[in-house]
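# Structural features, examined
Here's the letter readout for the chains.
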Amino acid sequence: MIFVSISNTDIQKCAELIEKYRTVELRLDLIKPDIEELPLLISKAETSICTYRTSDEPKKSLQYILSAIEYGTDVIDFSLSKPKEDIEEVASFCRSNNTKFMLSYHNFESTPDTEYLEGLINEADAYQPDMIKIACLANSDEDNDRLLELMKLNERIITVPMGQTGIKGRLKAYFYGTPVVYAYPDGEKPTAPGQLAFSEYKDMDKILSIINR
């Protein structure tokens with residue numbers, strides 16, 4: 001499923017994009033809505049993932065995440081690097097509100113070796129998440145392949161290769177049937193390195209040509 005990552009800081013424009021794409025990731029750390037605006041944004045979506053990525057204001061980010069759960073988002077994406085007590089609180093609140101819980105790891109510099117990545121997955125599994133997302137900068141085709149191999153371990157694992165080289169990995173993941181693919185709205189800005197516009201996923205001939213390079 002393609003989730004369009006929304007980051008526009010204009011709330012009216014943000015709501016229009018959500019209505020247009022319907023299946024969305026709300027980057028609350030980039031949108032920076034008032035807490036009172038969350039119900040409006042979430043209600044516009046057919047399916048939503050809410051995340052607050054930056055960690056410079058941990059109490060504020062936790063407040064946004066808990067409020068998004070309360071207001072009915074479908075999925076919460078919460079970082080594995082957050083304090084253990086915060087992860088446990090969010091996991092528990094997700095379960096009590098029937099919200100899917102995704103734990104994520106991001107590395108914007110490199111793709112660690114398989115042993116390290118599998119260790120992260122085991123660490124995440126201790127919290128019993130519904131999904132585990134591994135997003136790493138791919139500096140080679142080998143990095144792409146190493147990330148994609150993780151998907152074979154467990155159907156709950158979502159891998160997101162980042163960067164220019166990672167574009168091929170993203171498209172392979174989409175072609176192979178990953179449950180979550182991230183795109184940005186046509187005419188807007190990407191929210192992660194190597195992210196493609198929504199319309200680019202609709203050109204299967206282009207996808208196959210990039211995969212087969």
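The structure under discussion appears in the preceding block.
Notes on the structure in this doc start here. Keep in mind that what you see is a predicted model, and the values were worked out from it rather than measured.

Conventions and cut-offs
- Residues numbered from 1 in each chain as written.
- Predicted model: local features only at pLDDT ≥ 70, side-chain atom pairs only at ≥ 80, totals over all residues.
- Heavy atoms only, no water.
- Helix = DSSP H or I, 4+ residues; strand = E, 2+ residues; numbered from the N terminus.
- Rg over C-alpha atoms; globule rule 2.2 N^0.38 Å.
- Buried < 20%, exposed > 50% of the residue type's maximum accessible area, 1.4 Å probe, protein only.
- Axes fitted to C-alpha atoms, helices over the stretch in contact; angles between N-to-C directions.
- Parallel < 35°, antiparallel > 145°, perpendicular 65-115°, else oblique.
- Contact = heavy atoms within 4.5 Å.
- Nonpolar A, V, L, I, M, F, W, Y, C, P; charged D, E, K, R; others polar.
- Phe/Tyr/Trp six-rings, centres within 6.5 Å; stacked < 30°, edge-to-face > 60°.
- Salt bridge = Lys/Arg side-chain N within 4 Å of Asp/Glu carboxyl O.
- Right-handed = clockwise from strand over helix to strand, strands pointing away.
- Pairing = 2+ DSSP bridges.

## With respect to the overall build of the protein chain
The number of helices and strands found in the protein chain is 9 helices and 9 strands. Against the globule reference of 17 Å for 213 residues, the protein chain gives a C-alpha radius of gyration of 16 Å, in line with a compact fold. In terms of principal-axis extent, the alpha carbons of the protein chain reach across some 45 × 40 × 30 Å. In the protein chain, which comprises 213 residues, the proportion classed as buried is 54%.

## Remarks on the packing of helix 4 (residues 58-70) against helix 5 (residues 84-96)
Helices that pack against each other are described as a pair by the angle of their axes relative to one another and the distance between those axes. Across the interface, helix 4 lies against helix 5 with an axial gap of 10 Å and an inter-helix angle of 10°. When the axis of helix 4 is compared with that of helix 5, the two are roughly parallel. Where helix 4 abuts helix 5, its residues Leu-62, Ile-65, Leu-66, Ile-69 and Glu-70 lie against Asp-86, Glu-89, Val-90, Phe-93 and Cys-94. A per-class count over the contact of helix 4 with helix 5 returns 7 nonpolar, no polar and 3 charged.

## With respect to the packing of aromatic side chains
Applying the stated rule across the entire model yields 5 aromatic pairs. Where Tyr-21 meets Phe-198, the ring centres are 5.2 Å apart and the plane angle is 70°; that geometry is what we call edge-to-face. Of this pair, Tyr-21 sits in helix 1 (residues 11-21) while Phe-198 sits in the loop between strand 9 (196-197) and helix 9 (204-211), placing them 177 residues apart in sequence.

## Observations regarding the pattern of salt bridges
Applying the stated criterion across every chain, the model contains 11 salt bridges. Here Asp-141 ties to Lys-168 by a salt bridge, and the two come within 3.8 Å at their closest N and O atoms. Placement of Asp-141 in helix 7 (residues 141-150) and of Lys-168 in helix 8 (residues 163-175) is noted, with a sequence separation of 27 residues between them. Through salt bridges with shared partners, one network takes in Glu-25, Arg-53, Asp-77 and Lys-133.

## Some remarks on the pairing of strand 4 (residues 75-79)
Taking burial as the measure, the 5 residues of strand 4 include 5 buried ones, the bulk of the element. The alternating pattern of strand 4 places Val-75, Asp-77 and Ser-79 and Ile-76 and Phe-78 on opposite faces, both of which are buried. A crossover links strand 3 (residues 47-51) with its parallel partner strand 4, the connecting element being helix 4, and its sense is right-handed. With 5 bridges joining them, strand 4 and strand 5 (residues 100-107) adopt parallel strand pairing.

## A short note on the pairing of strand 8 (residues 181-184)
Burial of strand 8 is two-sided: the residues Val-181 and Ala-183 facing one way and the residues Tyr-182 and Tyr-184 facing the other way are all buried. Looking at chain direction, strand 1 (residues 2-6) and strand 8 are connected through 3 bridges and run parallel. Paired with Val-4 across the bridge in strand 8 is Ala-183. Bridging between strand 8 and strand 9 involves 2 bridges; their strand directions are parallel. The partner of Ala-183 across the bridge, within strand 9, is Leu-196.

## Some details on the sheet that holds strand 1
Spatial strand order, 7-6-5-4-3-2-1-8-9: 9 strands in an open sheet with parallel pairing. Since the sheet does not close on itself, it has two edges, and those belong to strand 7 (157-162) and strand 9, each with one partner. Here strand 5 pairs with strand 6 (residues 131-137) via 6 bridges, running parallel. In the strand pairing of strand 6, Tyr-105 is matched with Ile-134. Docked against the sheet, helix 4 engages strand 3 and strand 4, running at close to 160° with respect to strand 4.

## Description of unusual backbone geometry
Phi at Asn-98 is positive, roughly 60°, even though this residue is not glycine. According to the relative accessible area criterion, Asn-98 is exposed, its value standing at 76%. Look at Gln-128: it is not a glycine, yet its phi comes out positive at around 55°. Inspection of the secondary structure puts Gln-128 in the loop between helix 6 (114-125) and strand 6. Taking relative accessible area as the criterion, Gln-128 reaches 63% and is therefore assigned exposed.

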